[in-house]
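Residue-level structural notes
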Amino acid sequence: MPTLPARFQLAYDDFNLDVNLQLPSTGVTVFFGPSGSGKTTLLRCIAGLEKAPLGYFEINGQCWQDSTNDLFVPTYQRNLGYVFQEANLFPHLTVLGNLQFGLKRQTPNTVSPTELQDIIELLGIGHLLTRKPERLSGGEKQRVAIARAVLLKPDILLMDEPLAALDQLRKQEILPFLIHLHQHLSIPILYVTHSPQEVAQLADTLVVMETGKVIALGGLTETFNRIDLSFAQDKAASSVWQVTLINHETDYHLSCVAIDKNLLSLPLIAADIGTKLRIQIYARDVSITLAAPTATSILNRLPAVIKAVNNTDNGQCTVSLTVGKQALLAHITQKSAQQLGLTADLAVYVQIKGSSLLR
Amino acid sequence: MLSPADLDTLWLTFKVASLATILLLLIGTPLAWWLARTPSSAKGFINALVSLPLVLPPTVLGFYLLILMGPNGALGKITTTLGLGTLSFTFAGLVIASVLYSLPFVVQPLQTAFNGIAQQTLEAAATLRASPINTFFTVVLPMSRPGFLTASILGFTHTVGEFGVVLMIGGNIPDKTRVVSVQIYNHVEALEYTQAHWLAGCLLAFSFTVLLILYTVLKTPPQVQQLK
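A brief structural summary. Bear in mind the structure is a predicted one, so any value in this text is a computation, not a measurement.

Bringing the packing of aromatic side chains into the picture now. Enumeration over the complete set of coordinates arrives at 14 aromatic pairs over all chains. These aromatic residues form a ring-pair network of at least three members: Trp33(B), Phe114(B), Phe136(B), Phe137(B) and Phe148(B). Residue placement shows Arg78(A) over the ring face of Phe72(A); its charged tip is 4.9 Å from the ring centre. Between Arg105(A) and the ring centre of Phe101(A), over which it is positioned, the NZ or CZ distance is 3.7 Å.

Following this line, the structure appears as structure tokens:
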């Protein structure tokens, strides 16, 4: 698979960005990190909104920046889409005017009226076209902003915390649109967030950043489920698995999914057999037993091997396990860990009390 | 009633103020944009310079302009070399003086309007293929419309009201430099109070109407604190 080389070095008074990445050319790459970790700055460098003194970025054979050859293509000449935290709609234009703003300036203009209609439908903004931005809700504004960026058929879509300014309800309103969008577009999407939930739902590739540097990069499941990253310490820590739907037990209102050679039962999923699904298992919903549990009401019992046990605050500990080839995190008390004598390489069983479907 | 001479001064005043307003917008717009966006340390200096006419007695400004435009002044020498003669006591000189005198009244509302446009709005335009120049004309200008209205009206009315500068550099030449404010002064000097009443009444009605429009129709009153 071709990759996008992205190298940037930039220094402010109290902040250094120093990254050298090969980004995947498809799917959603999520940049995760605390504020000040440089993820937004990196995105701005790729867009050309920030000019890193040392930088290189290339996409589809076009070089956007090459500081060694003094090449810097200004933002307006880069074929990109950018969605900011705030929608930044132009207040003097209607929704339609905002959508057409980029189209009017793009040469060649390759978007047909049907394609325009498709995007408008995909983001559910058809009924808003004649309105001025001041008469839209926060969620509606952001959907228009996303449509406005996507319409230009960019080579790359850059999204800087597009949900951060919205309340929980509006987030839930937009996330399905983003997942649809991702399936609709074949271009790389770079997505900046500090929300683990958005990472779990959207990411195909995960880049974890801290103080201007990349500390982890990899496929979502490998990276997200790692115990050494901040995700595992979170009270709402979870693991994400990629599973395949294999049959329905309609009588019990359950669906059966497979991961490697293991099977899991989930509440009935309205999807066809063979569909690839992404599920999330909260660490607090995973318990550990030494012997194979028999008389238990918990359906999902799987053999596992402990990889590491990390003590955290308040008498809790995080246990990292492998189930087949998959990584799994469990939050249990330090007392249980001691009583069971949990250490690395110990073969155990995990009981999974519940899991939720991400997409 | 207004005499033909009075009507002439009204017409001349209108000409000076209109021309000055057009020039003020042409000069003031890039200047205000620069002041609103520059990180340069020269900003404070330029701001102070532009605002000088707010606090300076008009006679002081007029005096310096008279020197500058006179045969031995820097500007006077240039215009003489170009075969234009000196600008003092001419219509052109009056317009130039008006532009300097009313500059802060145009630059400051524009600067306020430009400051109100978030950097991110401009960045959004750039990510939507708009060049900086295109962004200025299709995003910044339409978004600053109230600022432009305020700036034009203040620039025009303030030019109409000038007196001290005109006396210093324009004098009192009928059809060339005799504007309404000077004509009112002439009438009062000659104890022609009726004539003075007519002209003064015209200016009073004009100024009030303009402010009424600003405060009611446009709902963008000029901020005195912001100006002074």
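We are not done yet, so read on.
The interface of chain B with chain A comprises 17 residues on the first partner and 21 residues on the second. Counting the surface lost from both chain B and chain A, the interface buries some 1800 Å², and carbon and sulfur atoms represent 64% of this. By the criterion of area lost to chain A, the three top residues of chain B are Thr127(B), Leu128(B) and Arg129(B), representing 44% of everything that side buries. Across the pair Glu123(B) and Arg44(A) runs a salt bridge whose closest N-O atoms are separated by 2.7 Å. Seen at the junction of chain B and chain A, the total is nine residue pairs in polar contact (both at pLDDT 80 or more). Where the side of chain B that touches chain A is concerned, the elements lending two or more residues are helix H6 (119-127) and helix H7 (132-143) of chain B. Looking at which element gives the most residues to the side of chain B that touches chain A, the answer is H6(B), with seven residues.

Here we take up unusual backbone geometry. Residue and element names in this part refer to chain A. Non-glycine residue threonine 211 carries a positive phi angle of around 40°. Positionally, threonine 211 belongs in the loop between strand E10 (205-210) and strand E11 (213-219). Phi at aspartate 260 takes a positive value of approximately 50°, unusual for a residue other than glycine. The exposure class of aspartate 260 is partly exposed, given its relative accessible area of 39%.

Before going further, it helps to examine the pairing of strand E20 (residues 347-352) of chain A. All names here are of chain A. Strand direction decides the pairing type here: strand E16 (residues 286-289) and E20, joined by four bridges, are antiparallel. Of the residues in E20, the one forming a bridge with serine 287 is glutamine 351. In this structure, strand E17 (residues 300-311) lies alongside E20, joined through six bridges in antiparallel fashion. Within the sheet, the bridge partner assigned to proline 303 lies in E20 and is tyrosine 349.

It is worth spelling out helix H5 (residues 91-115) of chain B at this point. Residues and elements named next belong to chain B. With 25 residues, H5 should cover 36 Å at 1.5 Å per step; its first-to-last C-alpha distance of 35 Å lies within 8% of that length. The largest bend in H5 comes to about 50°, at serine 102, with the proline proline 104 one to four residues further on. Most of H5 is tucked away, with 19 of its 25 residues classed as buried.

So, on to the side chain of Asn88(A). Relative to the assigned elements, Asn88(A) resides in the loop between strand E7 (80-83) and helix H2 (95-105). If we ignore the near neighbours within four places in the chain, the residues touching Asn88(A) are Arg148(A), Gln120(B), Thr121(B) and Ala124(B).

Take H6(B) next. Across the nine residues of H6(B), seven count as buried, placing the element largely inside the fold. Here the buried face of H6(B) lies against helix H1 (39-47), E7, H2 and helix H4 (138-150) of chain A together with helix H1 (4-37) and H7 of chain B. Arg129(B) occupies a position one or two residues after H6(B) and carries a positive phi of about 75°.

Rules behind the numbers
- Residues numbered from 1 in each chain as written.
- Chains lettered and ligands numbered in written order.
- Predicted model: local features only at pLDDT ≥ 70, side-chain atom pairs only at ≥ 80, totals over all residues.
- Heavy atoms only, no water.
- Phe/Tyr/Trp six-rings, centres within 6.5 Å; stacked < 30°, edge-to-face > 60°.
- Lys NZ or Arg CZ within 6 Å of the ring centre and 35° of its normal.
- Contact = heavy atoms within 4.5 Å.
- Buried area = accessible area lost by both parts, 1.4 Å probe.
- Salt bridge = Lys/Arg side-chain N within 4 Å of Asp/Glu carboxyl O.
- Polar contact = N/O pair within 3.5 Å; in protein donor to acceptor, adjacent residues only side chain to side chain.
- Helix = DSSP H or I, 4+ residues; strand = E, 2+ residues; numbered from the N terminus.
- Buried < 20%, exposed > 50% of the residue type's maximum accessible area, 1.4 Å probe, protein only.
- Pairing = 2+ DSSP bridges.
- Expected span 1.5 Å × (residues − 1).
- Bend = angle between axes of the 7 residues up to and from the residue.

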